[in-house]
Structures are given as C-alpha cells and as structure tokens.
Amino acid sequence: QVQLVDSGGGLVQAGGSLRLSCAASGRTFSSNTMGWFRQAPGKEREFVAAIRWITGNTYYADPVKGRFTISRDNAKNTGYLQMNSLKPEDTAVYYCAAGRASLRPSERYEYDYWGQGTQVTVSS
C-alpha cells in the first residue's frame, strides 16, 4: 500500500504564496499520477492539479491556471504544489492523492490513496 503525508498549509493574506508538499512512501510504483484536490466548507471536493510521475506532464483546473504550479522530486518521492497570487476563494482543505489515473487525472475515482489534508486559509 501507499501512504501520503501532505503538509505546508497555513494562513496567508490575499496575493501571498504558499507551497504544499506531499511525501509518498510504501509501494508507490503502481501509481503513475499524483494529484491535488481541495474542499471548501459546504462544497464538494474539486480537482486542482495533477502530474504524471515519470513524464512530468501536468494538468490544471481552470481557476488555478497561471497561479499554481505542480512539480515532483523523484529522488525524494515528494510532490509539490506552489501556490502564488492566492485569493480568498482558494481557502480550503487541500489533499494530495496518488493512483494510476491513466485516462482521467481530474477525477477523484481515479485515485487509490489520499493524504490527510492540510488547511489553507487566505484572508482578504
């Protein structure tokens, strides 16, 4: 099995930046995609970004394009989400996920493992 630990959340002012980390351990070789999702109070969990672990191909949800950057460090088995120009509407619990996600990296059901979540709060 795979274990994911996400971290790096916190409180920032609008326009600020934050970098989230996702450390993976265990039998990760069958998971070729790492993704980030977020869930705000009263809303459904939504896709943010994803990266193909081997090729580095990336995918982004429209609301974060141009502001967020997803990356990974293969040697450290860790993924990152750099969040710039943060807005109050970005406030949510952010979860990293891992899975094959061969066809639809933006869909929750494509992922097998999830981190515990890290809170991101952006004040106006």
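Attention in this report is confined to the structure presented alongside it. This is a predicted model, so every value here is computed, not measured.

1. Examining the pattern of salt bridges
Consideration 1: This model, assessed by the stated rule, comprises 4 salt bridges.
Consideration 2: For the salt bridge of Asp 90 with Arg 38, the shortest nitrogen-to-oxygen distance reads 2.9 Å. Taken together, the positions of Asp 90 in the loop between β8 (78-83) and β9 (92-99) and Arg 38 in strand β4 (residues 33-39) put the pair 52 residues apart, joining distant regions of the chain. There is no split in this pair, since Asp 90 and Arg 38 are both buried.
Consideration 3: For Asp 62, the salt bridge is made with Lys 65, and the minimal N-O distance between the two is 3.2 Å.
Consideration 4: Among the residues examined, Asp 62 registers a relative accessible area of 61% and is labelled exposed.
Consideration 5: Take Lys 65: its relative accessible area is 48%, and that puts it in the partly exposed class.
Consideration 6: Among the charged side chains, a network of salt bridges with common partners joins Arg 38, Glu 46, Arg 67 and Asp 90.

2. Concerning the nonpolar core
Consideration 1: Grouped together as the largest cluster of nonpolar side chains are 26 residues, with contacts concentrated most on Trp 36, Val 48, Phe 68, Leu 81, Met 83 and Tyr 94.
Consideration 2: Of all the elements in the fold, those that place two or more residues in this core are β1 (2-7), β3 (18-26), β4, β5 (46-52), β7 (68-73), β8, β9 and β11 (118-123).
Consideration 3: Not counting chain neighbours up to four residues away, the residues in contact with Val 48 comprise Trp 36, Phe 37, Arg 38, Tyr 59, Tyr 60, Ala 61, Val 64, Phe 68, Leu 81 and Tyr 94.
Consideration 4: Within the second largest apolar cluster, 7 residues are counted, among which are Phe 37, Phe 47, Ala 97 and Ala 101.

3. Let's talk about the layout of surface pockets
Consideration 1: For the largest pocket, the calculated volume is near 190 Å³.
Consideration 2: Together, 14 residues line the largest pocket, and Arg 38, Lys 43, Glu 46, Glu 89 and Asp 90 are the ones closest to its centre.
Consideration 3: Across the lining of the largest pocket, the residue classes break down as 4 nonpolar, 2 polar and 8 charged.

4. Let's talk about the pairing of β5
Consideration 1: The element β5 is largely enclosed, with a buried count of 6 among its 7 residues.
Consideration 2: Pairing of β4 with β5 involves 6 bridges; the strand directions are antiparallel. In the strand pairing of β5, Arg 38 is matched with Glu 46.
Consideration 3: Counting the residues that bridge the hairpin from β4 to β5 gives 6 residues, and of these Gly 42 lies at a positive phi of roughly 80 degrees.
Consideration 4: Remark: 5 residues form the turn of the hairpin made by β5 and strand β6 (residues 58-60), two consecutive strands paired antiparallel; Gly 56 in that turn has positive phi of roughly 85 degrees.

5. Side note on the sheet that holds β7
Consideration 1: One open sheet holds the 4 strands; their spatial order is β1-β3-β8-β7, and the pairing between them is antiparallel. Bordering the open sheet on either side are β1 and β7, each of which pairs with just one other strand. Averaged over all adjacent pairs, the angle separating strand axes in this sheet is 15 degrees, with direction ignored.
Consideration 2: Two elements, β7 and β8, share 6 bridges in a ladder whose sense is antiparallel. Looking at the pairing, Ser 71 lines up with Tyr 80 of β8.

About the cut-offs
Residues numbered from 1 in each chain as written. Predicted model: local features only at pLDDT ≥ 70, side-chain atom pairs only at ≥ 80, totals over all residues. Heavy atoms only, no water. Salt bridge = Lys/Arg side-chain N within 4 Å of Asp/Glu carboxyl O. Helix = DSSP H or I, 4+ residues; strand = E, 2+ residues; numbered from the N terminus. Buried < 20%, exposed > 50% of the residue type's maximum accessible area, 1.4 Å probe, protein only. Core = buried A, V, L, I, M, F, W, Y, C linked by side-chain atoms within 4.5 Å. Contact = heavy atoms within 4.5 Å. 1 Å grid on protein atoms, 1.4 Å probe; cavity = no way out; pocket = protein on both sides within 12 Å on 5 of 7 lines; lining within 4 Å. Points joined across faces, edges and corners; volume = space filled by probe spheres on them. Nonpolar A, V, L, I, M, F, W, Y, C, P; charged D, E, K, R; others polar. Pairing = 2+ DSSP bridges. Axes fitted to C-alpha atoms, helices over the stretch in contact; angles between N-to-C directions.

Functional significance is not addressed by these values, which are geometric in nature.
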